[in-house]
Amino acid sequence: MLPTLLFGLQAVSGPVLPVPKVLRAAPGCDRSADGDEVVVCARTDQPDRLRPVPERYTEPTIPKAEVRVFGNARLSAETEQAGVGGFPSNRAMMRLKIPF
């Protein structure tokens, strides 16, 4: 009974804490010979800096779903996303285009 109680007291409640990051020392900077110049040194790698997001969709990935119904009138199927009250609303639409 006593050994079971001792093992129970040694149990850790909760997840293990993450290991802290090891900070690397900044690289040494060259000093100016005369001492009158200001030398600025910075870290070359910036792991925590956010990079700009690349443009993903430069060209349409699929052709437009459109068909000529009569004369110059065209019927097309399209999708759209718009914000409604702070939430995205996905829509599917059929559009009939008749030129004047």
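Residues numbered from 1 in each chain as written. Predicted model: local features only at pLDDT ≥ 70, side-chain atom pairs only at ≥ 80, totals over all residues. Heavy atoms only, no water.

1. Observations regarding the confidence of the model for the protein chain
So, step 1. Per-residue pLDDT for the protein chain has a mean of 77; in total, 72% of the residues score no lower than 70.
So, step 2. Averaged pLDDT values for the elements of the protein chain fall to 72 in helix 1 (residues 2-10) and rise to 91 in strand 3 (residues 87-97). (pLDDT = per-residue confidence, 0-100. Helix = DSSP H or I, 4+ residues; strand = E, 2+ residues; numbered from the N terminus.)

2. Description of the pattern of salt bridges
So, step 1. What the rule picks out here adds up to five salt bridges.
So, step 2. Across the pair Glu66 and Arg74 runs a salt bridge, and its minimum N-O distance is 3.7 Å.
So, step 3. Overall, Arg74 belongs to the partly exposed group, its relative accessible area being 36%.
So, step 4. In this structure, the salt-bridge partner of Arg95 is Glu78, at a minimum N-O distance of 3.1 Å. Here Arg95, found in strand 3, pairs with Glu78, found in strand 2 (residues 73-84); they are 17 residues apart in sequence, far enough to count as distant.
So, step 5. The buried category is assigned to Glu78, whose relative accessible area is 18%. (Salt bridge = Lys/Arg side-chain N within 4 Å of Asp/Glu carboxyl O. Buried < 20%, exposed > 50% of the residue type's maximum accessible area, 1.4 Å probe, protein only.)

3. Section: the sheet that holds strand 3
So, step 1. Here we have three strands laid out as an open sheet, ordered 1-2-3, and antiparallel in their pairing. This sheet does not close on itself; its edge strands, each paired only once, are strand 1 (65-70) and strand 3. Ignoring strand direction, the axes of neighbouring strands in this sheet form an average angle of 30 degrees. (Pairing = 2+ DSSP bridges. Axes fitted to C-alpha atoms, helices over the stretch in contact; angles between N-to-C directions.)

4. Notes on the side chain of Ser76
So, step 1. Inspection of the secondary structure puts Ser76 in strand 2.
So, step 2. According to the relative accessible area criterion, Ser76 is buried, its value standing at 1%.
So, step 3. Here Glu78 takes part through its side chain, which lies 3.3 Å from a polar atom of the side chain of Ser76.
So, step 4. Once residues lying within four places of it in the same chain are set aside, the contact partners of Ser76 are Ala65, Glu66, Met93, Met94, Arg95 and Lys97. (Polar contact = N/O pair within 3.5 Å; in protein donor to acceptor, adjacent residues only side chain to side chain. Contact = heavy atoms within 4.5 Å.)

5. Let's talk about the pairing of strand 1
So, step 1. Here five bridges tie strand 1 to strand 2, and the two strands are oriented antiparallel to one another. Its bridge partner being in strand 2, Ala65 is matched across the sheet by Ala77.
So, step 2. Where strand 1 hands over to strand 2, the hairpin turn is made up of two residues, of which Gly71 adopts a positive phi near 60 degrees.

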